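Chain and residue survey
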Amino acid sequence: MSMAIPSLGQSPGSSLGPSGHVDDFARRNLPPFALWPDLILDRPEFQYPDTLNAAVELTDRNVERGFGDRVALIGNGRQRTYKELTDWSNRLAHALVENYGVKPGNRVLIRSGNNPALVAAWLAATKAGAVVVNTMPMLRAGELAKIVDKAEIALALTDSRIADELVACAKTSRFLKQVVNFDGTSNHDAELDRVALSKPVRFDAVKTGRDDVALLGFTSGTTGEPKATMHFHRDLMIVADGYAKEVLKVTPDDVFVGSPPLAFTFGLGGLAIFPLRFGATATLLENAAPSEMIKIIETHKATICFTSPTAYRAMMTAMDAGADLSSLRLAVSAGETLPAPVFERWVRKTGKPILDGIGSTELLHIFITNRIGDAQAGTTGRPVTGYEARIVDEAMNEVPPGTVGKLAVRGPTGCRYLADSRQTSYVRDGWNLTGDSFVQNAEGRLSFVARSDDMIVSSGYNIAGPDVEAALLTHEAVAECGVVGAPDEARGMIVKAYIVLAPGITGDDALKAALQDHVKREIAPYKYPRGIEFVAQLPKTETGKLKRYTLRQMAQANTASAQTAAR
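Residues numbered from 1 in each chain as written. Predicted model: local features only at pLDDT ≥ 70, side-chain atom pairs only at ≥ 80, totals over all residues. Heavy atoms only, no water.

A closer look at the overall build of the protein
Counting its regular elements, the protein contains 17 helices and 25 strands. In terms of overall size, the protein behaves like a compact globule, its C-alpha atoms giving a radius of gyration of 24 Å where 567 residues would be expected to give roughly 24 Å. Along the first, second and third principal axes, the C-alpha set of the protein runs to 70 × 55 × 50 Å. Within the protein, buried positions represent 58% of all 567 residues. Here the contacts in the protein between residues at least 6 apart in sequence split such that 67% fall between residues at least 24 apart. Of the accessible surface of the protein, which amounts to about 22,100 Å², a share of 50% is contributed by carbon and sulfur atoms. Within the protein, the 64 negative side-chain charges are centred at a point lying 1 Å from the centre of the 62 positive side-chain charges. (Helix = DSSP H or I, 4+ residues; strand = E, 2+ residues; numbered from the N terminus. Rg over C-alpha atoms; globule rule 2.2 N^0.38 Å. Buried < 20%, exposed > 50% of the residue type's maximum accessible area, 1.4 Å probe, protein only. Contact = heavy atoms within 4.5 Å. Areas by Shrake-Rupley, 256 points an atom, 1.4 Å probe, with all protein chains shown as cover. Lys, Arg positive; Asp, Glu negative; His and termini not counted. Charge placed at Lys NZ, Arg CZ, Asp CG, Glu CD.)

Listed below in structure tokens is the structure:
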């Protein structure tokens, strides 16, 4: 049975293409078709055969194309060619099937920092037909247990240096039966490596269907209960054949560098799928501090960088001290919206484009972006080819240009949660609702305003924290900042700024007043921060994204403490 490819505005139909899975857990736990977003799959670049194994496309196919001797991965002091990566992943796939009993459709959890061994393990499990669950190395046993239980995972592969938490998880888990170590360094000195060493370098990869789930991307909800986003083999190809080809214009000569963890779909795309799809090179860093990325850029002449606005600010400071980033042809900003001052300073300093974009774990990767030659400070850009976006109100009616509303998106990828009632919140009327507030101008250019739950309502005014942050960042005393709403009896909320000062600057009441006046000059005066607190650092996620909810909690706690003291 072959899936009828839906065209614009149609539901996915009532059937999927043929499956190569023996274990049908993933297909059984897809949302009902009626709850899927509309899919737009009618473009020629998104047509794939019924049988498709993404890992084969990213390795063996490159060897067949004559790229066997080209460098695929750089990390932990070694370079791996496409032939070496293909052979390595094939040996590992043999081990997974023959020694650890992996059946097509079984879920396999992988836990590691960004290194070549993680990429090889992911490719091997995918070749074996498994549904891979990449997880952050920082997660603890209790957090891992929620993932294991939701995805009913029996086998976990882990970097031997961080095995303890998974071992602890397995002791009490009714699902997790095996934890197998691999060597995340370049020594190949762990159980999985030793087993794979004697295996053949050829592996007949499982003939998975293009509509078989290849990847479960976990993302936390506001309740803290993780959601698993389900991505098909074709989805992994679509983000490369769409965004990476159209916007990044990747060639085999490109060298990628970046900070996002491969455990997140953003990092997996930018540091594995995109380079490997086009025969380019990926550099992988377990410690992706700006200083380490600079070393990679200088040493290996990296051409495309994926990281956060905070890291780009640090890299520009390093340029003032002599760092050479001239090999970069393109910077992609992620994690947080790119403030206009950072955009302008980067372009002025490097003469190269920096592209802001928005993606989500639910849609796998970036779906709205600026483009080379069409990038504008303070905007997110236009939909990636194949995607549509509209700004809607609570009733899903499209709002006029210039009106802030909810971002709704549809395209060749879309949200499918594994057995989760929250599917009906993310998908409405065939559109994916990302939880972001956006505005669209008359030319169709889209601009991020705030996360929908991050809007500050003060005395009836709607104020977007990122607007205030961008204004503050134009002041020389401000290194970083985060702006949230703080409870206030008179106004409902006030704008509160948490500010990390530039080196050598001391925070006092005079500086607070100066910063408030500065914001009043930069943007509408009613948006100025009535509360300012100087802090040593801001709370961040592993990808460098500002934890606004933590700042909101701090603001609420400070207000409660002040009210108690006043009594």
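Regarding the packing of aromatic side chains
To describe a pair of aromatic rings, you give the distance between the ring centres and the angle between the ring planes. What the rule picks out here adds up to 10 aromatic pairs. Relative to Phe-306, the ring of Phe-266 lies with its centre 5.5 Å away and its plane at 70°, an arrangement referred to as edge-to-face. Taken together, the residues span a long stretch of sequence, with Phe-266 in helix H10 (residues 265–277) and Phe-306 in strand S11 (residues 304–307) at a distance of 40 residues. Note on Phe-266: relative accessible area 19%, which makes it buried. When its relative accessible area of 0% is taken as the criterion, Phe-306 is described as buried. Among the aromatic residues, those joined into a ring-pair cluster are Tyr-243, Phe-256, Phe-266, Phe-274 and Phe-306. (Phe/Tyr/Trp six-rings, centres within 6.5 Å; stacked < 30°, edge-to-face > 60°.)

With respect to the sheet that holds S11
In space, the 9 strands of this open sheet follow the order S2-S1-S10-S9-S11-S12-S13-S14-S15, with mixed pairing throughout. If you trace the sheet from one side to the other, it starts and ends with strand S2 (78–81) and strand S15 (382–383), each paired once. The sheet contacts of H10 involve strand S1 (71–75), strand S9 (255–258), strand S10 (281–283), S11 and strand S14 (366–369), and relative to S9 the element is tilted by about 170°. Against the sheet, helix H12 (residues 309–320) contacts S11, strand S12 (330–333) and strand S13 (354–359), and its axis sits at roughly 125° relative to S11. (Pairing = 2+ DSSP bridges. Axes fitted to C-alpha atoms, helices over the stretch in contact; angles between N-to-C directions.)

A closer look at the packing of H12 against helix H13 (residues 340–350)
Interaxial distance between H12 and H13 falls to 11 Å at its minimum, and their mutual angle equals 35°. At the point where H12 passes H13, the crossing takes the left-handed sense. Where H12 approaches H13, its residues Pro-309, Tyr-312, Arg-313, Met-316, Thr-317, Met-319 and Asp-320 are matched on the opposing element by Val-342, Arg-345, Trp-346, Lys-349 and Thr-350. The residue makeup of the contact of H12 with H13, split by class, is 6 nonpolar, 2 polar and 4 charged. (Left-handed = near helix turned anticlockwise from the far one by under 90°. Nonpolar A, V, L, I, M, F, W, Y, C, P; charged D, E, K, R; others polar.)

What to know about the nonpolar core
Counting residues in each nonpolar core, the largest one holds 123 residues, and the members touching the most others are Trp-122, Leu-157, Leu-248 and Phe-274. Apart from residues no more than four positions distant in its own chain, Leu-157 is found in contact with Leu-96, Val-108, Leu-109, Ile-110, Arg-111, Ala-121, Val-180, Phe-182 and Leu-192. Formed by 22 residues, the second largest nonpolar core is a distinct cluster that contains Val-257, Leu-338, Trp-346 and Ile-354. (Core = buried A, V, L, I, M, F, W, Y, C linked by side-chain atoms within 4.5 Å.)

Observations regarding unusual backbone geometry
Non-glycine residue Glu-152 carries a positive phi angle of around 50°. Tracing the chain through its elements places Glu-152 in the loop between helix H6 (141–151) and strand S5 (155–159). A relative accessible area of 34% places Glu-152 in the partly exposed class.

A word on helix H16 (residues 509–522)
Note: α-helices contain 3.6 residues per turn, so residues at a spacing of three or four share the same orientation. End to end, H16 covers 20 Å across 14 residues, agreeing with the expected 20 Å (1.5 Å per residue, within 8%). Within H16, burial applies to Leu-511, Leu-515, Gln-516, His-518 and Val-519. The buried residues of H16 occupy one face: seen down the axis, they fall within an arc of 160°. Turned more than 90 degrees from where H16 packs its buried face, Asp-509, Ala-510 and Arg-521 sit exposed. Looking at the buried residues of H16, the elements they touch are helix H15 (465–472), strand S23 (478–488), strand S24 (492–501) and strand S25 (531–534). A side-chain oxygen of the first residue of H16 lies 3.2 Å from the backbone nitrogen of Ala-510; this N-cap is Asp-508. (Expected span 1.5 Å × (residues − 1). Arc of directions from axis to C-beta. Polar contact = N/O pair within 3.5 Å; in protein donor to acceptor, adjacent residues only side chain to side chain.)

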